[in-house]
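Summary of structural features
Here's the letter readout for the chains.
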Amino acid sequence: QVQLVESGGGLVQPGGSLILSCAASGSIGSINAMSWYRQAPGKQRELVASITSGGSTNYADSVKGRFTISRDNAKNTVYLQMNSLKPEDTAVYYCNAHIRPTSTRTTYSYWGQGTQVTVSS
């Protein structure tokens, strides 16, 4: 069993900051890319940022310069530092990771349960 557990969402004023965390646990053999997605009401889920096991990062244009993704491989955890938040960043944020369980040679895509981020005055 592999699980992703997110934390750190909440309500913040425009211009504020939040940090999201996502910890993977269970029978983990290896973790490849880890990513953050978000889904606003009435919209499709979109990629926010991703990071490879080697540390290479990729960001959506809408968050470049404001959000930073990082990971701690020893803790199987990925973070999303969000600065200069805007009302349009309001969404449910989901963690995604490509993980090979110890029992297999196959890599699977796992999702967290989602955490709400609301940017409002």
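What you see is a predicted model; the values in this text were computed from it and never measured. (Residues numbered from 1 in each chain as written. Predicted model: local features only at pLDDT ≥ 70, side-chain atom pairs only at ≥ 80, totals over all residues. Heavy atoms only, no water.)

Let's shift gears to the packing of aromatic side chains. Evaluated as defined, the whole model comprises 2 aromatic pairs. When the ring of Tyr 108 is compared with that of Tyr 110, the centres are 6.4 Å apart and the planes differ by 70 degrees; the resulting orientation is edge-to-face. Residue classification places Tyr 108 among the partly exposed positions, given a relative accessible area of 38%. Against the face of Trp 111 rests Arg 45, its NZ or CZ located 4.7 Å from the ring centre. (Phe/Tyr/Trp six-rings, centres within 6.5 Å; stacked < 30°, edge-to-face > 60°. Buried < 20%, exposed > 50% of the residue type's maximum accessible area, 1.4 Å probe, protein only. Lys NZ or Arg CZ within 6 Å of the ring centre and 35° of its normal.)

Moving on, we come to the pairing of strand β5 (residues 46–51). Of the strand pairs in this sheet, strand β4 (residues 28–39) and β5 are connected by 5 bridges, and their pairing is antiparallel. Residue Met 34 lies in a different strand from β5, and its bridge partner there is Ile 51. Where β4 hands over to β5, the hairpin turn is made up of 6 residues, of which Gly 42 adopts a positive phi near 80 degrees. Where β5 hands over to strand β6 (residues 57–59), the hairpin turn is made up of 5 residues, of which Gly 55 adopts a positive phi near 100 degrees. (Pairing = 2+ DSSP bridges. Helix = DSSP H or I, 4+ residues; strand = E, 2+ residues; numbered from the N terminus.)

Here 9 bridges tie β4 to strand β9 (residues 91–101), and the two strands are oriented antiparallel to one another. Paired with Trp 36 across the bridge in β9 is Cys 95.

Tracing the backbone shows Gln 3 in strand β1 (residues 2–7). For the pair Gln 3 and Lys 75, spaced 72 residues apart in the sequence, the C-alpha separation amounts to 13 Å. Every residue in contact with Gln 3, bar those within four places of it in the chain, is listed here: Ala 23, Ala 24 and Ser 25. (Contact = heavy atoms within 4.5 Å.)

Before going further, it helps to spend a moment on the pattern of salt bridges. Applying the stated criterion to the full structure yields 4 salt bridges. With a shortest N-O distance of 2.9 Å, Arg 38 and Asp 89 are connected by a salt bridge. In this pair, Arg 38 is assigned in strand β4 and Asp 89 in the loop between β8 (77–82) and β9, connecting sequence segments 51 residues apart. On the accessibility criterion, Arg 38 (6% relative accessible area) is buried. As a salt-bridge pair, Asp 61 and Lys 64 come within 3.1 Å of each other at their nearest N and O atoms. In this structure Asp 61 comes out as exposed when scored by relative accessible area, which is 66%. Salt bridges linked by common partners bring Arg 38, Glu 46, Arg 66 and Asp 89 together as one network. (Salt bridge = Lys/Arg side-chain N within 4 Å of Asp/Glu carboxyl O.)

Right, let's get into unusual backbone geometry. Located in the positive-phi region is Asn 76, a residue other than glycine, with phi close to 50 degrees. For Asn 76, the position within the fold is in the loop between β7 (67–72) and β8. Phi is positive for Ser 84, which is not a glycine, with a value near 50 degrees. With respect to the secondary-structure elements, Ser 84 resides in the loop between β8 and β9. Judged by its relative accessible area of 41%, Ser 84 falls in the partly exposed class.

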